[in-house]
Amino acid sequence: MKKERLPEFYFLCFFAYSVLGWCYEVFLEVVVYRWGFSNRGFLFGPYCPVYGFGALLLIGLLGWLRRKRLTLGRVNISPILVFLLIMALTTLLELGTSYLLEAVTGSWLWDYSTYPANFQGRIALNPSFRFGVGGMIFLYILQPLFERADRLLSDKARRYLFIVCFGIMALDFLVKII
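The structure presented is a predicted model; accordingly, all values stated were derived computationally and were not measured.

A few points about the nonpolar core
Then, in step 1: If you look at the biggest cluster of nonpolar residues, it comprises 16 residues, and the most contacted ones within it are Leu58, Leu62, Val82, Ile86, Phe138 and Leu139.
Then, in step 2: Mapped by element, the contributors of at least two residues to this core are helix 1 (7-32), helix 2 (49-66), helix 3 (78-105) and helix 4 (125-152).
Then, in step 3: Setting aside anything within four residues of it in sequence, one finds Leu58 in contact with Gly63, Ile86, Leu89, Thr90, Gly135, Phe138 and Leu139.
Then, in step 4: Counting 10 residues, the second largest nonpolar core, distinct from the first, contains Val26, Tyr51, Ala124 and Phe131.

Listed below in structure tokens is the structure:
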């Protein structure tokens, strides 16, 4: 089995993209919107698991399409199709996450009700477009770099990194539940 197909690899992808998602959220909050800092996740640590789940969803469902060349005449339409699918998948994930968070905690963590083209303040066209752009950066640039970096790790180093990251996140979930 290839190294990048190991469960440890997928968890490390989940963890890394959860952290990057948290950084993205904080960047928007502090630099772009100038609202000031707050922990953007529902856990204590610097990660937003919805970004990790989104990354795994995109890897699993669109990773093959990233490498495929679909043409319409002479025009490669694969990137356009990938972009539209990223928008659709991440928007559905965000919508589902909002309902899950509302069921578990009584509310969700964002409100798009002031955005044009929104649905119940849970999803909107503007963030969906940003997720499409971010997903393209993730799928075409970051994920190939992450896969190359993973190939440099020994199995022992990957397992150790997995144990540390899993332990941190599991402890955070446990503390949050308590």
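Brief notes about the confidence of the model for the protein chain
Then, in step 1: The pLDDT averaged across the protein chain works out to 88; a share of 93% of its residues lies at or above 70.
Then, in step 2: Within the protein chain, no element has a lower average pLDDT than strand 1 (residues 71-72), which sits at 86, and none a higher one than strand 4 (residues 123-124), at 96.

Quick word on the environment of Trp108
Then, in step 1: Its place among the elements puts Trp108 in the loop between helix 3 and strand 3 (118-119).
Then, in step 2: For Trp108, a relative accessible area of 21% translates into the label partly exposed.
Then, in step 3: Between the C-alpha atom of Trp108 and that of Ser98, which follows or precedes it by 10 residues, the distance is 5.2 Å.
Then, in step 4: Excluding anything up to four places from it in sequence, Trp108 contacts Ser98, Leu101, Glu102, Gln120, Gly121 and Arg122.
Then, in step 5: Of the polar contacts made by the side chain of Trp108, one reaches the backbone oxygen of Trp110; its length is 2.4 Å.

Cut-off values and rules
Residues numbered from 1 in each chain as written. Predicted model: local features only at pLDDT ≥ 70, side-chain atom pairs only at ≥ 80, totals over all residues. Heavy atoms only, no water. Core = buried A, V, L, I, M, F, W, Y, C linked by side-chain atoms within 4.5 Å. Buried < 20%, exposed > 50% of the residue type's maximum accessible area, 1.4 Å probe, protein only. Helix = DSSP H or I, 4+ residues; strand = E, 2+ residues; numbered from the N terminus. Contact = heavy atoms within 4.5 Å. pLDDT = per-residue confidence, 0-100. Polar contact = N/O pair within 3.5 Å; in protein donor to acceptor, adjacent residues only side chain to side chain.

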